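Results of the structural survey
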Amino acid sequence: RIKKKQTICRTDIDRLNVPFLAIYESLIPSEEEKAKQRQLLTLLEKLVSKEWPKAQLYLYGSCANSFGVSKSDVDVCLAIEDADMDKSEVILKLADILQSDNLQNVQALTRARVPIVKLMDPVTGISCDICINNVLAVVNTKLLRDYAQIDERLRQLAFIVKHWAKSRGVNETYQGTLSSYAYVLMCIHFLQQRRPAVLPCLQEMETTYSVTVEEVKCAYFDQVEKLGDFGNHNRETIAQLVWGFFNYWAYCHDYTKSVVSVRTGSILSKQEKDWTRRIGNDRHLICIEDPFEISHDLGRVVDKYSIKVLREEFERAAHIMQYDPNPCGTLFKRY
Ligand code: ATP
Ligand code: MG
């Protein structure tokens, strides 16, 4: 079902730069909100260190990867080396400690796929999820943050795509659509394959940062300040890139054969990944390789119903960008 690529007149599309940038600006969290997040982290550090003096708390997810819009939840990882306790015990203990310190709605979710403690801080009004020893998420958070520093168009594009996905109801992994993390990887891939490229492939460059987490070696070039002008050869505007992104996922991606891989900065085949058939609940109907856990397909949550929903939404967005007289209004219309 690969359709012919559409083209567009650049001056036409460029009238959307101003409204897109206005949406982007309106979604950026304020300094005040960032300060409140840090304040909450400091409080949590104080409480946790009483019980576990050697434990560390790390922010991860959108409050630390620079793709967080205003009013996002804060994701925190508790790194703890306590060999005698399993994760559920730590979760219950942690919930206990936090409960007794005036935090509200403290819930221990020990049976979730990733066990967490959920809470709300009544002082700042911020909601927070705390997981245990999910260090790979801390490392992929750094990778995303480093990519965001290379070219500001990545952050602009990802904010608009995430805003679109939330408005259209296609950012719900429990309903078979994609996570925010998956959408950001789709944006990075898209900017890597643009010609000229807007983003390099950091994992194919000289290693300047390397850690091994749960037997996974994570290595890449992280001195991104040295790449400041990488994207300058590509002069595309944000409106052209948003148009290109939806066009790519509507008409240019080969859903039957291709795997998107930020790790290699290219497309891999489902064949070589052995992602050609359904195994258990993993269906591989849209394939997005995790940059570090390379056996992990972020599209595995997508099922035969939700793939249709997703593809129709990409086509709807591409169609609006091409023909609608007021795309900014229609694109983000609530589902
Ligand atoms: P939002 O603004 O929607 O909260 P987010 O960036 O926090 O966006 P989530 O999808 O909630 O995105 O994921 C939080 C973090 O957890 C991600 O940034 C990533 O580090 C990690 N993560 C999420 N899903 C996966 C996954 N399937 N595999 C590996 N890491 C993941
Ligand atoms: Mg989050």
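Up top is the structure these notes are about.
Since the structure is predicted, the reported quantities are computational estimates derived from the model, not experimental observations. (Residues numbered from 1 in each chain as written. Chains lettered and ligands numbered in written order. Predicted model: local features only at pLDDT ≥ 70, side-chain atom pairs only at ≥ 80, totals over all residues. Heavy atoms only, no water.)

Attention shifts here to the environment of Arg153. Within the secondary structure, Arg153 is located in helix H6 (residues 152-167). Of the residues examined, Arg153 reaches a relative accessible area of 11% and is grouped as buried. Taking the C-alpha atoms as reference points, Arg153 and Gly61, separated by 92 residues in sequence, lie 20 Å from one another. In terms of polar contacts, Arg153 uses its side chain to reach the backbone carbonyl oxygen of Glu236, at 2.8 Å. (Helix = DSSP H or I, 4+ residues; strand = E, 2+ residues; numbered from the N terminus. Buried < 20%, exposed > 50% of the residue type's maximum accessible area, 1.4 Å probe, protein only. Polar contact = N/O pair within 3.5 Å; in protein donor to acceptor, adjacent residues only side chain to side chain.)

Attention shifts here to the nonpolar core. Residues Phe20, Trp164, Tyr183, Phe245, Phe246, Ile286 and Phe314 are the most contacted members of the largest nonpolar core, which totals 75 residues. The element that contributes the greatest number of residues to this core is helix H8 (residues 238-252), accounting for eleven residues. Two domains each donate at least three residues to this core, and these are domain 1 (10-27 + 150-331) and domain 2 (31-136). Those residues in contact with Tyr183 that sit more than four places away from it in its chain are Val161, Trp164, Ala165, Val170, Asn171, Leu178, Leu310 and Phe314. Within the second largest apolar cluster, 27 residues are counted, among which are Leu41, Ile91, Ile130 and Ile132. (Core = buried A, V, L, I, M, F, W, Y, C linked by side-chain atoms within 4.5 Å. Domains from an automatic or database assignment. Contact = heavy atoms within 4.5 Å.)

Now for helix H7 (residues 180-193). Helical geometry: 3.6 residues make up each α-helical turn, so side chains three or four residues apart lie on a common side. Its 14 residues give H7 an end-to-end C-alpha distance of 20 Å, which sits within 8% of 20 Å, the value for a rise of 1.5 Å per residue. Most of H7 sits out of view: twelve of its 14 residues are buried. Taken as a whole, H7 has its buried residues at Tyr181, Ala182, Tyr183, Val184, Leu185, Met186, Cys187, Ile188, His189, Phe190, Leu191 and Gln192. (Expected span 1.5 Å × (residues − 1).)

This part takes up helix H2 (residues 17-27). Among the residues making up H2, those that are buried are Asn17, Phe20, Ile23, Tyr24 and Leu27. End-on view of H2: buried residues confined to an arc of 130°, all on one side of the axis. Those residues of H2 that are exposed and angled more than 90 degrees off the buried face are Val18, Glu25 and Ser26. (Arc of directions from axis to C-beta.)

Turning our eyes to something else, we now look at the pattern of salt bridges. Following the criterion strictly, the structure yields twelve salt bridges and no others. Across the salt bridge formed by Arg168 and Glu313, the nearest N and O atoms sit 2.9 Å from each other. Taken as a pair, Arg168 in the loop between H6 and H7 and Glu313 in helix H10 (residues 306-323) lie far apart in primary sequence, 145 residues in all. A residue is classified by how much of its surface remains accessible, and Glu313, at 8% relative accessible area, is buried. (Salt bridge = Lys/Arg side-chain N within 4 Å of Asp/Glu carboxyl O.)

Attention now goes to the site of ligand 1. By nearness alone, 17 residues border ligand 1, and Ser62, Asn140, Lys162, Lys166 and Ser180 come closest of all. At 3.0 Å from an oxygen atom of ligand 1 is found a side-chain nitrogen or oxygen belonging to Ser62. At a separation of 3.5 Å, an oxygen atom of ligand 1 approaches a polar side-chain atom of Thr141. Against a free-state accessible area of 600 Å², the protein chains account for coverage of 78% of ligand 1. Looking at the shell around ligand 1, the elements with two or more residues in it are helix H5 (135-150), H6 and H7. Of the residues in the shell around ligand 1, the class split is four nonpolar, nine polar and four charged. Both domains that furnish three or more residues to the shell around ligand 1 are identified here as domain 1 (10-27 + 150-331) and domain 2 (31-136). (Near = heavy atom within 4 Å. Areas by Shrake-Rupley, 256 points an atom, 1.4 Å probe, with all protein chains shown as cover. Nonpolar A, V, L, I, M, F, W, Y, C, P; charged D, E, K, R; others polar.)

This brings us to the side chain of Gln203. Following the sequence through the fold, Gln203 ends up in the loop between H7 and strand E6 (209-213). When neighbours within four sequence positions are excluded, Gln203 is seen to be in contact with Leu143, Tyr147, Ala219, Tyr220, Val262, Arg263, Pro291 and Phe292.

Don't take any of this as a statement about function, it's just geometry.
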